[in-house]
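Observations on chain architecture
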Amino acid sequence: MPEIKFYKHDPIPMEMHKVKIVQKLNLLPVDERLKKMQEAGFNTFQLHNGDIFMDMLTDSGVNAMSDNMQSAMLRADDAYAGSETFYRMNDKLTELFGIKYLLPAHQGRACENILAQRFVKPGNCVIMNYHFTTAKAHITRLGGRVEELVKDEGLVSKSTLPFKGNIDLEKLEACILKETPENVPYMRLEAGTNLIGGQPISYENMKAATDITRKYGILSVLDASLLQDNLYFIKTREESMKDKSTAEILRMIADLFDIIYFSGRKFGFARGGGILVRDEALFHSMEDLVPMFEGFLTYGGMSVKEMEAMIIGFDESLDMDIISQGPQFIKYCVDQLDAYGVPMITPGGGLGAHIDASQVVSHIPQEQYPAGALVCALYICGGIRGMERGTLSEERNADGSERFASMELVRLALPRRVFTLSQTEYVIDRVKWVYDHRHLIEGLRFVHEPKTLRFFTGRLEPVSDWPEKLAAAYKADFGEDQ
Ligand SMILES: Cc1ncc(COP(=O)(O)O)c(C=O)c1O
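Residues numbered from 1 in each chain as written. Predicted model: local features only at pLDDT ≥ 70, side-chain atom pairs only at ≥ 80, totals over all residues.

What to know about the domain arrangement of the chain
Each assigned domain of the chain is listed with its residue range as follows: domain 1 (30-59 + 323-478) and domain 2 (67-321). Put simply, the middle of domain 1 and the middle of domain 2, counted by C-alpha atoms, are 27 Å apart. At the junction of the two partners, domain 1 supplies 23 residues and domain 2 supplies 28 residues. Listing elements by their share of the side of domain 1 that touches domain 2, those giving two or more residues are α14 (325-340) and β9 (352-356). Residue composition of the side of domain 1 that touches domain 2, grouped by class: nine nonpolar, 10 polar and four charged. (Domains from an automatic or database assignment. Contact = placed C-beta atoms within 7 Å. Helix = DSSP H or I, 4+ residues; strand = E, 2+ residues; numbered from the N terminus. Nonpolar A, V, L, I, M, F, W, Y, C, P; charged D, E, K, R; others polar.)

Right, here's the structure in full:
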């Protein structure tokens, strides 16, 4: 979507849709929010959605469907085996990606499970630009390791570089030589990157990286869950690609990889997932894992209604009017907060606006989860639910010590087509308030700490009565009822 020009107003991001169905929101008073946070064990995953004003936890499975997606659901063909819906989905993906074979799965992490089970052996090293929590957990569970080779600039929070998700090509080749190609079952590129601020990878970088893996006979896997944002950034930031259509760019990317998987909760605006496999023998070698863990090969745990919606959603994921909106709202949010002085990940990427908690609450030691504390503060002061993407989202080292994350981020996701600009303005306003009162925020410690993916179900407590003090300061400024 080109930027809409205004007569007497600076340009602002525009919603290129109108609202047809709505869901009422609740804004609980601050004291109740404090209580809900305590009940949730200072973990935003444990909050109930009805107690949240702005749910910016994730863009996963919470994007708004279009009228066309909803109407497509009516033609879903219910069948345990041989559903026509599956063949329509397979045909659409083959048309877009040029890859024939599809293994359906109930969501992105299920694809990661299948890939890890098929390829990872104890001691193996899977190379990535950057890990995603579940992608890594499946690999380490099987005794594998992950080597993250994002370029150093990807971990610098303030920047103007357009493709901070790029993999370091020299490190990639050196790593393959050090490990030996036999010990690297696949390279996984994530386009764009979830845990380092939704930052994209350029086409040029994907091409160069897959040229290297091909040279050494290593499989290349693309995690396309966030590809719609990445397509937007390639088209708007990569000079050599700006005259190509998103469909052409998608096809050029797809042609580079042996295997492509995606979370349909993101790519496709519905709920599901799938693995596209170029090679027939490779496809057959993974086939048995689908009926064993997901569902029969023609639905893979997905509802056929969702699959029909997704077929339309794939086309919408290539429509610049639709895929521009997320990045433009994110840029607006990031730029406003950056101008105020809030340390943000810049330039704005996809998925959401990311606050650099390591700088905002630099007085909180990393072992007390600065991003975890900041995300709780935002719920207490505004009813905004974000997600911690830092040390809390890591797993401990084998010796029990903390594995400190390279970045301590609070992610405020902007699910597609969900929030309006006035709601975005509210979030910006509350982040500014929290930033100005950051000295009141202190750390958290675990009271119940699961070994794997602890951020989902762990329970924590504040190290002092800082949440009460923060709520009292908020009440003094906004009153009891806000
Ligand atoms: C890049 C990336 N890969 C994989 C996944 C996992 O997908 P799902 O949530 O559908 O399991 C996600 C989810 O957030 C993601 O962002």
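Comments concerning the site of the ligand
Taken together, 14 residues are adjacent to the ligand, and Gln-107, Gly-108, Arg-109, Ser-225 and Ser-263 come closest. Grouping the constituent residues of the shell around the ligand by class yields two nonpolar, eight polar and four charged. (Near = placed C-beta within 6 Å.)

Some thoughts on the packing of helix α16 (residues 370-380) against helix α19 (residues 466-478)
Running from amino to carboxyl end, α16 crosses α19 at an angle of 40 degrees, the nearest separation of the two axes being 10 Å. Considering their axes alone, α16 and α19 lie oblique with respect to each other. As α16 packs across α19, the resulting crossing turns out to be right-handed. The residues of α19 that touch α16, namely those facing Cys-376, Ala-377 and Ile-380, are Pro-467, Leu-470 and Ala-471. Residue composition of the contact of α16 with α19, by class: six nonpolar, no polar and no charged. (Axes fitted to C-alpha atoms, helices over the stretch in contact; angles between N-to-C directions. Parallel < 35°, antiparallel > 145°, perpendicular 65-115°, else oblique. Left-handed = near helix turned anticlockwise from the far one by under 90°.)

Quick notes on the sheet that holds β9
Pairing in this open sheet of three strands is antiparallel, and the strands run β9-β12-β11 from one edge to the other. Two strands close off the open sheet at either side, each with one partner strand: β9 and β11 (387-389). Across the sheet, the axes of successive neighbouring strands diverge by a mean angle of 30 degrees, strand direction being ignored. Relative to strand β12 (residues 409-413), β9 is paired through five bridges, and the arrangement is antiparallel. (Pairing = 2+ DSSP bridges.)

Considerations on the environment of Ala-247
Looking at where Ala-247 falls in the secondary structure, it is placed in helix α9 (residues 246-254). When the C-alpha atoms of Ala-247 and Phe-97 are compared, they prove to be 8.9 Å apart, with 150 residues separating the residues in sequence. Setting aside residues up to four positions removed in sequence, Ala-247 forms contacts with Leu-96 and Leu-318.

A word on unusual backbone geometry
Cis geometry marks the peptide bond from Ala-191 to Gly-192; its omega dihedral reads -10 degrees. Here Gly-192 lies in the loop between β5 (186-190) and α7 (203-215). Residue Pro-347 is bonded to the preceding Thr-346 through a cis peptide linkage, with omega at -5 degrees. Mapped onto the secondary structure, Pro-347 falls in the loop between α14 and β9. In this structure, Thr-180 takes a positive phi of about 75 degrees despite not being glycine. Among the secondary structure elements, Thr-180 is positioned in the loop between α6 (169-179) and β5. Thr-180 sits in the exposed class, given 10 other C-beta atoms within 10 Å. You will see that Leu-453, though not glycine, has its phi angle at about 45 degrees, which is positive. Among the structural elements, Leu-453 can be located in the loop between β13 (444-448) and α18 (454-457). Since 15 C-beta atoms lie within 10 Å of it, Leu-453 is described here as partly exposed. (Buried ≥ 20, exposed ≤ 12 C-beta atoms within 10 Å, placed from the backbone.)

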